[in-house]
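# Descriptive analysis of the structure
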Amino acid sequence: MYVVKSPLSDADLKTVSEALQGALVDLVDLALVAKQIHWNVVGPRFRSVHLQLDELVGTARTHSDTVAERASALGVSPDGRAATVAVGSGIDVTPEGWVDDTTAVQTIVDALGAVIGRMRERIAASGEPDPVSQDIFIQITADLEKQHWMFQAENG
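Residues numbered from 1 in each chain as written. Predicted model: local features only at pLDDT ≥ 70, side-chain atom pairs only at ≥ 80, totals over all residues. Heavy atoms only, no water.

If you check an unreviewed UniProt entry, the protein appears there as DNA starvation/stationary phase protection protein from Streptomyces hyderabadensis. We quote the UniProt Sequence similarities (unreviewed entry) comment for the protein here in full: "Belongs to the Dps family." (UniProt positions renumbered as here; feature names shortened; annotations may be inferred.)

### As for the overall build of the protein
From N to C terminus, the protein includes 5 helices and 2 strands. The C-alpha atoms of the protein give a radius of gyration of 16 Å, which matches the 15 Å a tight globule of 156 residues would have. Projecting the C-alpha coordinates of the protein onto the three principal axes gives extents of approximately 55 × 30 × 20 Å. Out of the 156 residues belonging to the protein, those deemed buried represent 46%. By sequence separation, contacts in the protein at least 24 residues apart represent 84% of the contacts at least 6 residues apart. When the accessible surface of the protein is summed, it comes to about 8100 Å², and 56% of that surface belongs to carbon and sulfur atoms. The averaged location of the 22 negative side-chain charges in the protein is 3 Å from the averaged location of its 12 positive side-chain charges. (Helix = DSSP H or I, 4+ residues; strand = E, 2+ residues; numbered from the N terminus. Rg over C-alpha atoms; globule rule 2.2 N^0.38 Å. Buried < 20%, exposed > 50% of the residue type's maximum accessible area, 1.4 Å probe, protein only. Contact = heavy atoms within 4.5 Å. Areas by Shrake-Rupley, 256 points an atom, 1.4 Å probe, with all protein chains shown as cover. Lys, Arg positive; Asp, Glu negative; His and termini not counted. Charge placed at Lys NZ, Arg CZ, Asp CG, Glu CD.)

### What about helix H4 (residues 101-126)?
The end-to-end C-alpha distance of H4 is 37 Å, a good match for the 38 Å that 26 residues give at a rise of 1.5 Å each. The distance from a side-chain oxygen at the start of H4 to the backbone nitrogen of Thr102 is 3.2 Å, and the residue carrying that oxygen is Asp100. (Expected span 1.5 Å × (residues − 1). Polar contact = N/O pair within 3.5 Å; in protein donor to acceptor, adjacent residues only side chain to side chain.)

What follows is the structure, given as C-alpha cells:
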C-alpha cells in the first residue's frame, strides 16, 4: 500500500528505496554502537573519546532521520525496528562490557569504514534513478568520513 505516490518509476523506486532502507539500518546501528561504547569506554582518554562518541551518535541520528523522511517522501515506509537493524546492518558485533579507549576507537573506525563503504555503493546506485537521494548519501558520506578521520587520528 502506497499512501504517498512517488514521482519515480517503479524500477527506480525499488533501487532507491533499497538504498535508503540500507542507509537507515546502518545509521541506526552506528548510533547504537557508538552509544554502547560511549557508556563502556575506559582508559586515559576516556573523556575525549566519550565526548567524541556522543558527537558521532548525534550525527548518525540526524542523518537517520533525514534518510527515513526521504523514504517517506517517496512513498516508502522506513523500517528502523531493532529486528530489522540487527539483520541488515553492515557493522560487526560490538565488544561486550568495558572497552579500553584504544579498542573503543578502533571499533568505531571499523564501524565507520563499513558504513562508508556501503554508503559509497548507495551513492553509485542512486545517481541515475534519483539525484536527490544521491545528494543525501553524498552529504552523509562526507560527514561520516570526517568522523572516520577524527577517530583514526585518536589512535595515531
